[in-house]
Amino acid sequence: MREAHVPGLGLSLMRDARVAWQGFWGRKRADSEEPVTEQTIFQAASLSKPLFAYAVLSLAQQGTFDLDRPLTAYLPAASLPDDPLVERISGRVVLCHLSGWPNWREEGQPLTRLREPGKRFGYSGEGFGYLQQAIEALTGLPLETFMQQTACAPLGLARSSYLWTAGEQAACAGAHDATGQPMPPFSLATPHAAASLHTTPADYARFLCAMLEPGKIPGSLPLARGDAAPTCQA
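Conventions used here
- Residues numbered from 1 in each chain as written.
- Predicted model: local features only at pLDDT ≥ 70, side-chain atom pairs only at ≥ 80, totals over all residues.
- Heavy atoms only, no water.
- Helix = DSSP H or I, 4+ residues; strand = E, 2+ residues; numbered from the N terminus.
- Buried < 20%, exposed > 50% of the residue type's maximum accessible area, 1.4 Å probe, protein only.
- Contact = heavy atoms within 4.5 Å.
- Areas by Shrake-Rupley, 256 points an atom, 1.4 Å probe, with all protein chains shown as cover.
- Axes fitted to C-alpha atoms, helices over the stretch in contact; angles between N-to-C directions.
- Parallel < 35°, antiparallel > 145°, perpendicular 65-115°, else oblique.
- Nonpolar A, V, L, I, M, F, W, Y, C, P; charged D, E, K, R; others polar.
- Polar contact = N/O pair within 3.5 Å; in protein donor to acceptor, adjacent residues only side chain to side chain.

Asker: Account for the overall build of the chain, with residues named and values stated.
Answerer: Along its length, the chain carries 5 helices and 6 strands. Along the chain, helices (α) and strands (β) appear in the sequence β-β-β-α-α-α-α-β-β-β-α when read from the amino end. Looking at the chain residue by residue over its 234 residues, the buried ones come to 41%. Here the contacts in the chain between residues at least 6 apart in sequence split such that 63% fall between residues at least 24 apart. Working note: accessible area of the chain is about 12,200 Å², and carbon and sulfur atoms make up 54% of it.

Take a look at the structure:
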């Protein structure tokens, strides 16, 4: 922590699909004496994607969502990107990062394709944003409500949210630059499936336990190995 200029750290150890141990060190912010504890919430950034993928696969398991149906089938025409190949984008294509879209576009710029969908892996937050729109249209629920009902509540992730309000920032660990100096907190105007999750180490470890032993964790999906999995081919 000293060498990497990390003011605070939280760890959870998993064993036999259970959270077996937790440890907490340092401070929530470099300019504060408030310690990191098991209640401290951290920005999960791109670790938002696996939890969202889990929720999407739960819909696929229930038969509510078809992984191979074009996402255009779930979205109103007004929300479709100006893309001649958009009909080839399915949930499976997005979850496998084969959409051909960039990771992120410049603010205010249209979504522009980098490559043909399904041809080559290309990590894409934009793809997850598009899939989010399709899931919201299908379920009639905003992302936060969908995630709480489909993943967070069933798995017991009581301190996890894709929508963390300004008034709750006091519970969160602060952001810091490479030298350990405090930075403004990361925030998005609206919840985003690719990046806006805030959670605790114990909550995220509990989700990972559900991945390691499907069906063993109360509320988790009782998937057989490979069942409903987004097998990727390109």
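Asker: Kindly report on the packing of helix H1 (residues 48–62) against helix H4 (residues 143–155), identifying the contributing residues and their values.
Answerer: Contact geometry for H1 and H4: axes closest at 10 Å, N-to-C directions at 85°. The angle between H1 and H4 places the two elements in the roughly perpendicular class. On H4, the residues touching Leu51, Phe52, Tyr54, Ala55, Val56, Ser58 and Leu59 of H1 are Leu143, Phe146, Met147, Thr150, Ala151, Cys152 and Leu155. Within the contact of H1 with H4, the residues separate by chemical class into 12 nonpolar, 2 polar and no charged.

Asker: Give me the lowdown on the side chain of Ser48, citing residues and values where you can.
Answerer: Along the chain, the position of Ser48 falls in helix H1. Within polar-contact distance, the side chain of Ser48 engages the backbone oxygen of Ala45 at 2.6 Å. Once residues lying within four places of it in the same chain are set aside, the contact partners of Ser48 are Tyr162, Ala193, Ala194, Ala195, Ser196 and Leu197.

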